Amino acid sequence: MKLGFFLKEAFRAMRRNAAPSFAALAAIAVTMVVVGVFIPIVQATQGSANGVRNQVEVDVYMKTSATRAEENRVRGELLGISGVKRVVFESKAQAFAQESKSDPAAYALLSSNPLPDTFHVIPANPANALAIRSAILGHHGKLLDPAIQNVSNHTSDTKKVLEVTKLVTITAALLAVLLILASVLLVGNTIRLSLYARRREVEVMKLVGATDWFIRWPFVIEGVLVGAIGSLIALIILGVMKVALLDPLAGNWSLLHAPQTIPFLWLVVILIGAGIGVSALGSGLSLRRFLRV
Amino acid sequence: MPNSRQNSGTRRRLPASGPGQSNARASIRSERLAAPGPSARPGGGRTVVEFRSVSLRYPSGDKGLDQATFSVERGEFVFLIGSTGSGKSTVMRTLIKELEPTSGTISVAGRDLSEISRAKVPYYRRNIGMVFQDFKLLPNRTVYDNVAYALQVTGHSRREIRAKVPDILRLTGLSLKLHNYPDQLSGGEQQRVSIARAFVNHPPLLLADEPTGNLDPDTSIDIMRLLYRINRTGTTVLVASHDHAMVNRMRRRVLELSGGRIVRDEATGLYVRDESTREFAQRLRNPPQAPESL
Ligand SMILES: Nc1ncnc2c1ncn2[C@@H]1O[C@H](COP(=O)(O)OP(=O)(O)O)[C@@H](O)[C@H]1O
Ligand SMILES: [Mg+2]
């Protein structure tokens, strides 16, 4: 019964204070559209950065004379290095098949397989790659194991990849923080303004003997409704953008190894949740100042 | 009048003239005894409002009240007069606990206001009807909803609200304006709504801070008449006003403030006991040349 009353109060407020409610609604809708566009972009950037980082590995080439027993020993030693996640063995035959696929003409000219057996050492964290490499190379040119011929040398490439992806990650995180800050400020200020317009009303309610929560509930419910409607509008805009702009492009993008982004359903849940949360909390908290009568 | 009595137990001074001079001169208490309502109930203290050496200094340094001491008995109709800035509103605002006195004690119905916690203030305020010069209606609600809000706050059921609101609107003469919004009403009508809202819970104490300050003289008389009618149901009424002429014609007890001090506490002119609200209004409109003419 009380809930019914509070709901009615909230609807009345939105109907009779259309302008401030609309401003709050617009602020939330705009913010949510920006957030909704930004989340997949950050995700995509992170995805490609991680894709690049995950390709960072250390290749260990065995001597052609290496025996099966030696290979097993080397595998054990490689796995013993700290920071190594996985060791993948690629036999010379597999390597040959792989390489000849990418350049059949060149490999057809070869009479014998020049490729060595290879261990691909995959670090748990790409940042460990260089440490793992130097551990395999050992001190003073003394390799980890005599059966090892050589270790791949992508030091400068690895460094570049790590630096660039780190920069991308930091930039994205910074932008995300700024964006969240801006949206909270925008939504919070809009709600504050709309409440300020109604502070006289709150004052009168207090003088008639209404308790703080009796006054607050309709405002919080109004916040929830404004947040929900605002996010819904944002979602409709995002949905139209996705269908009209993104999906036609996706065909082209798949050539560029389409990055994995957040499923649309999750985006919907996150946006509606954030919209409602920010709006309801903003209303409830901003009201505190006006309740001190 | 045969059963008129000397008012006892109050510190109020009666008019300077002696008792036997006119039977129109009587204490307000006897009028109260004649009226039905809560005051007729036995038990409970008679003093509704008591200020004991109350001083209040605003944070800005302005003096709001200065050692104000007075008390109001149950069922009285008291005017609080004084020029602008004399502290009338300050008295009202301390009574609804909007302001805390710097020193001294205020009791309402025997309860020390300083002992009411912040969380309990809303419940305390429901025992006091408050009427303001600027009406303070909720602009987004109709006449009906403005009055109903005071009942919704106190948790009345919808059925009770539907029973009580039309009653009080009839009493205040607003039956035809039920669905108007405040900005569709005249000043006098808005003040009637505000009085209806203040009285719908039948509080034992009604405060009115310059209720006629924004109204023309005729409308003012109507509003005073309404307040008098409410007083006749047993409600103690305290009205702040700076309209001396009106106050003198009303012939009720008058408390005068000046610079936050109580400088006068007396019944002005001749009291008229037990007059009907119509006679009351008649007298306000046409001040008698002599008391005998009544
Ligand atoms: N909010 C306030 N802040 C500072 N001073 C105030 C405030 N309200 C009233 N005063 C001062 O307190 C005194 C009494 O004011 P008030 O009670 O409003 O007088 P009245 O209602 O009789 O006109 C005045 O001197 C006024 O300037
Ligand atoms: Mg005043």
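Predicted model, so just to flag it, every value in this text is computed and none were measured.

Overview of the side chain of Asn140(B)
- Counting through the fold element by element, Asn140(B) comes out in the loop between strand E6 (128-132) and helix H4 (143-153).
- Looking at Asn140(B), the relative accessible area reads 8%, which means it is buried.
- Among the polar contacts listed, one links the side chain of Asn140(B) to the side chain of Glu201(A), at a separation of 3.3 Å.
- What Asn140(B) contacts, discounting residues up to four positions off in sequence, is Arg12(A), Arg16(A), Asn17(A), Glu201(A) and Tyr181(B).

Side note on the site of ligand 1
Residue and element names in this part refer to chain B.
- Neighbouring ligand 1 are 13 residues, the closest being Gly85, Gly87, Lys88, Ser89 and Thr90.
- At 3.5 Å from a nitrogen atom of ligand 1 is found a side-chain nitrogen or oxygen belonging to Asp62.
- One of the backbone N or O atoms of Gly87 is found 3.0 Å from an oxygen atom in ligand 1.
- Taken by itself ligand 1 offers 550 Å² of open surface, and the protein chains cover 67% of this.

Here we look at the packing of helix H2 (residues 18-54) of chain A against helix H7 (residues 155-196) of chain A
Residue and element names in this part refer to chain A.
- Interhelical geometry of H2 versus H7 gives an angle of 170 degrees and a closest axis separation of 10 Å. Of the possible angle classes, the one that applies to H2 and H7 is roughly antiparallel.
- Within the contact of H2 with H7, the residues separate by chemical class into 21 nonpolar, eight polar and two charged.

A closer look at the nonpolar core
- If you look at the biggest cluster of nonpolar residues, it comprises 79 residues, and the most contacted ones within it are Ile215(A), Phe79(B), Tyr149(B), Leu169(B), Met224(B) and Leu227(B).
- With nine residues, the top contributor of residues to this core is helix H9 (residues 212-253) of chain A.
- Formed by 32 residues, the second largest nonpolar core is a distinct cluster that contains Val54(B), Ile106(B), Leu205(B) and Ala240(B).

Focus: the pattern of salt bridges
- Evaluation of the coordinates by the stated rule reveals 23 salt bridges over all chains.
- Among the ionic pairs, Glu256(B) bridges to Arg264(B), the shortest N-O distance being 3.0 Å. Considered together, Glu256(B) and Arg264(B) belong to a single accessibility category, that of buried residues.
- One connected set of salt bridges, linked through shared partners, spans Glu9(A), Arg12(A), Glu201(A), Arg141(B) and Asp145(B).

Digging into the interface of chain A and chain B
- In this assembly, 21 residues from chain A lie in contact with 20 residues from chain B.
- The contact between chain A and chain B buries some 2,200 Å² in all, and 54% of this surface belongs to carbon and sulfur atoms.
- Three residues, Arg16(A), Leu207(A) and Val208(A), lead the burial of chain A against chain B; their summed loss comes to 28% of the area buried on that side.
- Summed over the shared surface of chain A and chain B, the number is five salt bridges.
- With its nearest N and O atoms 3.3 Å apart, the salt bridge here joins Asp145(B) to Arg12(A).
- The tally of links from chain A across to chain B stands at six residue pairs in polar contact (both at pLDDT 80 or more).
- Residue classes in the side of chain A that touches chain B are distributed as 10 nonpolar, three polar and eight charged.

Re unusual backbone geometry
Residue and element names in this part refer to chain B.
- Notably, Ser53 is not glycine yet its phi reads approximately 45 degrees, a positive angle.
- Looking at the element boundaries, Ser53 is found in strand E1 (residues 47-57).
- Judged by its relative accessible area of 32%, Ser53 is partly exposed.
- Within the chain, Ala109 stands out as a residue other than glycine whose phi angle is a positive 50 degrees.
- Look at Ala109 and you get exposed, because its relative accessible area is 62%.

Conventions used here
Residues numbered from 1 in each chain as written. Chains lettered and ligands numbered in written order. Predicted model: local features only at pLDDT ≥ 70, side-chain atom pairs only at ≥ 80, totals over all residues. Heavy atoms only, no water. Helix = DSSP H or I, 4+ residues; strand = E, 2+ residues; numbered from the N terminus. Buried < 20%, exposed > 50% of the residue type's maximum accessible area, 1.4 Å probe, protein only. Polar contact = N/O pair within 3.5 Å; in protein donor to acceptor, adjacent residues only side chain to side chain. Contact = heavy atoms within 4.5 Å. Near = heavy atom within 4 Å. Areas by Shrake-Rupley, 256 points an atom, 1.4 Å probe, with all protein chains shown as cover. Axes fitted to C-alpha atoms, helices over the stretch in contact; angles between N-to-C directions. Parallel < 35°, antiparallel > 145°, perpendicular 65-115°, else oblique. Nonpolar A, V, L, I, M, F, W, Y, C, P; charged D, E, K, R; others polar. Core = buried A, V, L, I, M, F, W, Y, C linked by side-chain atoms within 4.5 Å. Salt bridge = Lys/Arg side-chain N within 4 Å of Asp/Glu carboxyl O. Buried area = accessible area lost by both parts, 1.4 Å probe.

Distances and angles like these do not, on their own, reveal function.
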